Amino acid sequence: MIRAGVVGASGLAGGELIRLITQHPELELTFLGGSSSIGRRPSELHPGLRQDFGVTVQPVTEEIADQVDVVFLATPAPVSAEVAALLADRVPAVVDLSGAFRIRTPELHDRWYPKVKRRNDLAERFVYGVPELIGERLAEASLISLPGCYATAITLGLAPLTLGLGLNLKTVVVDGKSGSSGGGATARTGDLHPYRNGAITPYAPTGHRHASEVKDFLELARPGTIGSMSMSAYGVSHVRGLLTSSYVFTDEAVDQRELQRAYLRFYKGKQFVRVRRHTETIIPVPDPHVVLGSNFCDVTVMHDEDGGRIVVLAALDNLVKGAAGQAVQATNIRFGLPEETGLTMQPVMPA
């Protein structure tokens with residue numbers, strides 16, 4: 001068995017990690033770390049976890065290296081930067097779900113994460129990206145930084161255009177909509193039910209750090225280019241799930257048939273990315289409701305001939321494929337397990 005620890009056990013992503021680890025056939029939950037909930041059991045922190053797993057939340061020290069083979073950091077970025085520095089080279093694999101090490105370029109990192117002071121030498125060692133695009137590099141990685149939930153959807157949506165077809169994208173404009181769980185478990189006035197219910201809240205209408213994260217990754221990965229990328233993000237009233245709509249402008253000639261074939265070819269054998277036609281089901285897809293509780297990302301590409309643009313839609317569950325599920329998927333690859341181990345659950349619909 002692979003011994004797994006979760007730091008940030010009281011948060012939403014931490015709870016989802018506990019749920020996935022404890023039903024994984026090859027992972028054993030041996031450590032829970034935190035600061036505000038020391039001594040508490042998972043069932044006290046997450047009402048859905050009734051079973052006693054034999055662990056309580058403990059302080060994070062160097063000594064946990066003797067208890068785990070992999071540790072997941074479901075913590076705010078400043079905390080992840082500190083804990084990663086503490087555990088690097090002591091634990092075989094550290095998987096960070098925060099933004100502490102996502103952006104490689106120091107200047108860009110400082111712009112979007114000004115309060116996150118990290119070791120740049122450590123940042124250079126982190127392997128970043130979604131497993132579908134960097135699987136080979138994960139096999140030997142000791143430090144893994146996972147994309148944010150929006151960034152995962154955007155990257156999976158755009159990769160067949162840049163990495164597959166090698167297109168030069170002049171302009172990419174992203175519209176993102178996410179449920180309330182994307183904001184975590186910390187109570188803020190704007191997230192209270194009287195304000196959030198039924199709302200469409202433009203909380204980042206003129207920019208979002210996940211767009212810079214995607215552009216940074218795809219530019220380093222090549223072979224196509226992205227001239228400019230901008231994003232507007234909105235909070236909507238459902239709890240789980242997100243949808244990204246990427247509007248892509250390019251001078252290169254493409255048509256619907258070529259685009260559909262390119263996406264199917266690019267994701268052939270990648271079981272967690274489902275390339276779908278917009279009208280193939282009784283409701284238009286992608287729709288976050290049809291992926292909830294699963295590790296799937298549904299992607300649709302359409303050519304808007306009249307508008308002179310490519311429209312790419314991507315939907316996922318932000319707590320699974322956008323966080324805990326992707327972390328387990330990366331860990332499976334890292335330890336030589338089939339990628340789908342412990343992640344074969346189908347979506348819950350309706351939810």
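To be clear, the structure that these remarks concern was listed above.
This report concerns the structure included in the present document. All values derive from a computational prediction rather than experimental measurement. (Residues numbered from 1 in each chain as written. Predicted model: local features only at pLDDT ≥ 70, side-chain atom pairs only at ≥ 80, totals over all residues. Heavy atoms only, no water.)

Let us now look at the side chain of serine 246. Mapped onto the secondary structure, serine 246 falls in strand E11 (residues 242-249). The contacts of serine 246, once residues within four sequence positions are left out, are Ile154, Leu158, Val172, Val173, Val174, Ile310, Val311 and Val312. (Helix = DSSP H or I, 4+ residues; strand = E, 2+ residues; numbered from the N terminus. Contact = heavy atoms within 4.5 Å.)

What follows deals with the environment of aspartate 96. Checked against the element boundaries, aspartate 96 lands in strand E5 (residues 93-96). Contacts of aspartate 96, omitting those with residues within four sequence positions, involve Leu73, Ser80, Phe101, Phe126, Ile144, Ser145 and Leu146.

On to the packing of aromatic side chains. The way to describe two aromatic rings as a pair is by their centre distance and the angle between their planes. Taken as a whole and judged by the stated rule, the model has four aromatic pairs. Ring centres 5.5 Å apart and planes at 70° place the aromatic pair tyrosine 128 and phenylalanine 217 in the edge-to-face group. Of this pair, tyrosine 128 sits in strand E6 (residues 127-128) while phenylalanine 217 sits in helix H9 (residues 209-221), and the two are 89 residues apart along the sequence. With respect to class, tyrosine 128 is no different from phenylalanine 217; both count as buried. On the numbers, 6.1 Å between centres and 55° between planes, the contact of phenylalanine 272 with phenylalanine 296 is tilted. One end of the pair, phenylalanine 272, is in the loop between helix H10 (256-266) and strand E12 (273-275); the other, phenylalanine 296, is in the loop between E12 and strand E13 (297-304), with 24 residues separating them in the sequence. Classification of phenylalanine 272 as buried rests on a relative accessible area of 3%. For phenylalanine 296, a relative accessible area of 11% corresponds to the buried category. Positioned over the ring face of phenylalanine 296 is arginine 274, at 4.3 Å from the centre of the ring. We note arginine 334 situated over the ring of phenylalanine 335; from NZ or CZ to the ring centre the distance is 4.8 Å. (Phe/Tyr/Trp six-rings, centres within 6.5 Å; stacked < 30°, edge-to-face > 60°. Buried < 20%, exposed > 50% of the residue type's maximum accessible area, 1.4 Å probe, protein only. Lys NZ or Arg CZ within 6 Å of the ring centre and 35° of its normal.)

Next up on the list: a negative patch on the surface. Together, Asp255, Glu258, Glu305 and Asp306 make up a region of like negative charge exposed at the surface. With respect to the helices and strands, the residue aspartate 306 is situated in the loop between E13 and strand E14 (309-316). (Patch = residues over 30% accessible without salt bridge, like charges linked within 9 Å, V, L, I, M, F, W, Y side chains within 5 Å. Areas by Shrake-Rupley, 256 points an atom, 1.4 Å probe, with all protein chains shown as cover. Salt bridge = Lys/Arg side-chain N within 4 Å of Asp/Glu carboxyl O. Lys, Arg positive; Asp, Glu negative; His and termini not counted. Charge placed at Lys NZ, Arg CZ, Asp CG, Glu CD.)

Let's shift gears to unusual backbone geometry. Peptide bonds are mostly trans, and most non-glycine residues show a negative phi. Backbone torsion omega between valine 285 and proline 286 reads 0°, so that peptide bond is classified as cis. Position of proline 286 among the secondary structure elements: in the loop between E12 and E13. A cis amide bond links methionine 349 to the next residue, proline 350, at an omega of 0°. Among the structural elements, proline 350 can be located in the segment after helix H11 (320-334). Phi angles above zero are rare outside glycine, and aspartate 89 is one such case at about 75°. Mapped onto the elements of the fold, aspartate 89 is located in the loop between helix H3 (77-87) and E5.

Strand order in the open sheet made by the seven strands is E3-E2-E1-E4-E5-E7-E6, with parallel pairing throughout. The outermost strands of the open sheet, each flanked by one partner alone, are strand E3 (57-58) and E6. Here two bridges tie strand E2 (residues 27-33) to E3, and the two strands are oriented parallel to one another. Considered in E3, the bridge of leucine 32 is made with valine 57. H3 contacts strand E4 (70-73) and E5 of the sheet and is inclined by roughly 165° relative to E4. H11 rests against E2, E4, E5 and strand E7 (143-145) of the sheet, and its axis sits at about 155° to E4. (Pairing = 2+ DSSP bridges. Axes fitted to C-alpha atoms, helices over the stretch in contact; angles between N-to-C directions.)

Without other data, these values stay purely geometric and don't point to any function.
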